[in-house]
Amino acid sequence: MIDESQLRRAAALLGRVTNLVAFTGAGVSAESGVPTFRGAEGVWKEFRAEEVATPEAFGRDPKLVWEFYNHRRNRLAEVQPNPAHRVLADFERRFPRFTLVTQNIDGLHALAGSRNVLELHGNLGRVRCTGCGRVFDKRGERLGELPACEACGALLRPDVVWFGELLPQDVWSASLAAVEECEAILVVGTSAVVYPAAGLVEVASRRGATIVVVNLEPTAASELADVSLHGKAGEVLPALWEELKLIATP
Ligand code: BV8
Ligand code: ZN
């Protein structure tokens, strides 16, 4: 059950800002049927991240890594954005300055209509050539067990950031800049354990920006929050949106 008083407090705090950052993780896609990483049915339960989400793993056993990613890519074909994604697209239209920074690679924010999306960890629909570096959008296409580049024949890899890899510099810089300038950050559906992404919440906190957290359970980010709303993003965000609509945009 959503705490009504906390919901109203969150709406009052967010209602007065003109520059908002939303920072999302796997929890925002959970109600779309995309498994989270560290939850009960988490992705990392079946596969250990070190075995399948690192450059070393790919070098050692590219077939296993592609099996892991093809499984997730093929599931993407069946999933749709949920109300949490759609409300964040509504937020983008309401707040004069709005940036959506996501750790998710499922592309559901864009599918829900969000335009200014910064994908810190890449995108599962895209592949990148290990030879010529070309990037191809293969969303919705089934790939073989060792897909090759149509331009140079080298092995393709998922265009995602693995553990031990740097985040795309331009995306990271833009995310950091957005958090440096925001008046508030809305943190949705992340365990806030993966760095440097999770560090964005600390940057906001050091600046004294307002922090609102929406999550099923308390996380490291909740400790930094001005308001922490416990519940499903697909239920809490629509309720927050209803409260926000009662407050005139500053
Ligand atoms: C880097 C793409 C450095 C791939 C991902 C030791 C060895 C090596 C590295 C490290 C190390 N110690 C620390 C590190 C750094 C490492 C790291 O942070 N590790 C953690 C695990 C300790 N980070 C890195 O390696 C990063 N790179 O540091 O490079 C470097 C420096 C110099 C030179 C070279 C390199 C790269 C990190 C990126 C890894 N890639 N994903 C793929 O997806 O396959 S990370 C992966 O975790 C996803 O991106 C995911 O988004 C991210 C975070 O997880 P969450 O999104 O938070 O999901 P999670 O399941 O954890 O939580 C979901 C939350 O939602 C839960 O709280 C749950 O309660 C809640 N929830 C569930 N349902 C709902 C809900 N909330 C609301 N509503 C619901 N319905
Ligand atoms: Zn190539």
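A brief look at the structure comes next. (Residues numbered from 1 in each chain as written. Chains lettered and ligands numbered in written order. Predicted model: local features only at pLDDT ≥ 70, side-chain atom pairs only at ≥ 80, totals over all residues. Heavy atoms only, no water.)

1. As for the pattern of salt bridges
Quick reminder of the rule: We count a salt bridge whenever a side-chain nitrogen from Lys or Arg sits within 4 Å of a carboxyl oxygen from Asp or Glu. In DSSP terms, a helix is any run of H or I states spanning at least four residues, a strand is any run of E spanning at least two, and both are numbered starting from the N terminus. For every residue, the accessible area (1.4 Å probe, protein chains only) is compared with the maximum for its type, and the residue is labelled buried under 20%, exposed over 50%, or partly exposed between those bounds.
Under the defined criterion, the tally for this structure stands at 11 salt bridges. With a closest N to O distance of 2.6 Å, Glu 181 and Arg 97 form a salt bridge. Note that Glu 181 is positioned in helix H8 (residues 169-181) and Arg 97 in strand S2 (residues 97-102), a separation of 84 residues in sequence. Glu 242 serves as the salt-bridge partner of Lys 245, at 3.1 Å between the closest nitrogen and oxygen. Accessibility expressed as a relative area gives 45% for Glu 242, which makes it partly exposed.

2. Looking at the site of ligand 1
Quick note on the threshold: By convention in this text, a residue qualifies as near a molecule or strand provided that one of its non-hydrogen atoms is within 4 Å of it. For the purposes of these results, a polar contact is taken to be a pair of N or O atoms within 3.5 Å, where, inside protein, one atom must be able to donate a hydrogen and its partner to accept one; residues adjacent in sequence count only when each atom of the pair is a side-chain atom. Each accessible area value is a Shrake-Rupley result obtained with a 1.4 Å probe; residue values ignore everything except the protein chains displayed when judging cover. Gly is placed with the polar residues, together with every amino acid not listed as nonpolar (Ala, Val, Leu, Ile, Met, Phe, Trp, Tyr, Cys and Pro) or charged (Asp, Glu, Lys and Arg). Domain boundaries shown here were taken from an automatic or database domain assignment.
In the vicinity of ligand 1 lie 34 residues, with Arg 38, Tyr 69, Gly 164, Thr 190 and Ser 191 positioned nearest. Take Ala 233: an N or O atom from its main chain is 2.9 Å from a nitrogen atom of ligand 1. Bound to the protein, ligand 1 loses 74% of the 1,500 Å² it would expose on its own. Of the residues belonging to the shell around ligand 1, the class tally is 15 nonpolar, 13 polar and six charged. Counting contributing residues, the shell around ligand 1 receives three or more from each of domain 1 (4-33 + 81-121 + 167-245) and domain 2 (43-78 + 128-160).

These figures come from the coordinates and say nothing about function on their own.
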